Amino acid sequence: MEGFSTIILVYVFHQSTGYSLHVRPFLDDTERGLFSTRHPSRPNPIGLSVVRLLSRVGATLNVEGVDMLDGTPLLDLKPYVPEFDVQDAPRTGWYAARAKP
């Protein structure tokens, strides 16, 4: 992973139980369809986070920007490669029009 400033973490929402097809997302006050959100209660409890890699010490990666619980089991690590991972997203659905705090 040396040489990469950004990595992708794939993990299990290990403390999430059950799911509903309609949820209230963290960044909005309106109930939304589950698959249009990043809500952790999902039929398949797999999460994905893009984080900044600060350093590696042995088998330990020091990162910032993590949005998961401490102790969350990792399934995989992937390098962030702009040619594959950066997408032009001119439409962001409900997120663009959400009620802002």
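Residues numbered from 1 in each chain as written. Predicted model: local features only at pLDDT ≥ 70, side-chain atom pairs only at ≥ 80, totals over all residues. Heavy atoms only, no water.

## As for the environment of Arg-42
Keep this limit in mind: Secondary structure is summarised from DSSP: a helix means a run of H or I of at least four residues, a strand means a run of E of at least two, and numbering begins at the N terminus for each. A simple rule labels every residue: compare its accessible area, found with a 1.4 Å probe on the protein chains alone, to the largest value its type can have, and call it buried under 20%, exposed over 50%, or partly exposed in between. What qualifies as a polar contact is a pair of N or O atoms within 3.5 Å, subject to a donor-acceptor requirement within protein and to the restriction that residues adjacent in sequence count only when both atoms come from side chains.
Inspection of the secondary structure assignment puts Arg-42 in the loop between β3 (32–33) and β4 (46–57). Overall, the relative accessible area of 17% leaves Arg-42 in the buried class. Separated by 31 residues in sequence, Arg-42 and Tyr-11 have C-alpha atoms that sit 13 Å apart. In this structure the side chain of Arg-42 is engaged in a polar contact, spanning 3.0 Å, whose partner is the backbone oxygen of His-39.

## A short note on the pattern of salt bridges
For clarity, the threshold we go by: Put simply, a salt bridge is a Lys or Arg side-chain nitrogen that is within 4 Å of an Asp or Glu carboxyl oxygen.
This structure, assessed with the given rule, holds 3 salt bridges. Between Arg-56 and Glu-2 there is a salt bridge; the shortest N-O distance is 2.3 Å. Residue Arg-56 is located in strand β4, and its partner Glu-2 is located in the segment before β1 (6–12); the two are separated by 54 residues in the primary sequence. Note on Arg-56: relative accessible area 43%, which makes it partly exposed. Arg-32 serves as the salt-bridge partner of Asp-28, at 2.6 Å between the closest nitrogen and oxygen.

## Some points on the packing of aromatic side chains
This is how it is decided: Here a Phe, Tyr or Trp ring, Trp counted by its six-membered ring, pairs with any other such ring whose centre lies within 6.5 Å, and the pair is stacked when the planes are under 30 degrees apart, edge-to-face when over 60, and tilted otherwise.
The final tally for this structure, using the stated rule, is 2 aromatic pairs. Centroid distance Tyr-11 to Phe-13: 5.4 Å. Interplanar angle 80°. Geometry classified as edge-to-face. Consider the rings of Trp-94 and Tyr-95, whose centres lie 6.1 Å apart with planes at 75°: the pair is edge-to-face. Using a relative accessible area of 17% as the deciding quantity, one classes Trp-94 as buried. Of the residues examined, Tyr-95 reaches a relative accessible area of 36% and is grouped as partly exposed.

## A word on the sheet that holds strand β6 (residues 74–79)
We count it as follows: We treat two strands as partners when DSSP finds at least two bridges between them. Helix axes are fitted only over the stretch in contact, all axes being lines through C-alpha atoms; the angle between N-to-C directions runs from 0 to 180 degrees.
Read across the open sheet, the 4 strands follow the order β5-β4-β1-β6; overall the sheet is antiparallel. This sheet does not close on itself; its edge strands, each paired only once, are β5 (60–64) and β6. On average, each strand axis in the sheet is tilted by 45° relative to the strand beside it, whichever way the strands run. Pairing analysis gives 5 bridges linking β1 to β6, with the strands arranged antiparallel. Paired with Leu-9 across the strands is Leu-77, a residue of β6.

## What to know about the confidence of the model for the chain
The condition is simple: pLDDT measures the predictor's confidence residue by residue and takes values from 0 up to 100.
With 97% of its residues at a pLDDT of 70 or more, the chain has an overall mean of 91. Within the chain, no element has a lower average pLDDT than helix α2 (residues 93–97), which sits at 86, and none a higher one than β1, at 97.

## Regarding the nonpolar core
To keep it simple, the criterion reads: In this text, buried Ala, Val, Leu, Ile, Met, Phe, Trp, Tyr and Cys residues form a nonpolar core when linked through side-chain atoms within 4.5 Å. Throughout, a residue-residue contact means that at least one pair of heavy atoms, one from each residue, lies within 4.5 Å.
Listed in full, the 6 residues of the largest apolar core are Ile-7, Leu-9, Tyr-11, Phe-13, Val-51 and Leu-53. Among the elements of the structure, β1 and β4 are those that each provide at least two residues to this core. Per element, the largest residue contribution to this core is 3 residues, and it comes from β1. When neighbours within four sequence positions are excluded, Leu-53 is seen to be in contact with Met-1, Phe-4, Ser-5, Thr-6, Ile-7, Leu-61, Asn-62 and Val-63.

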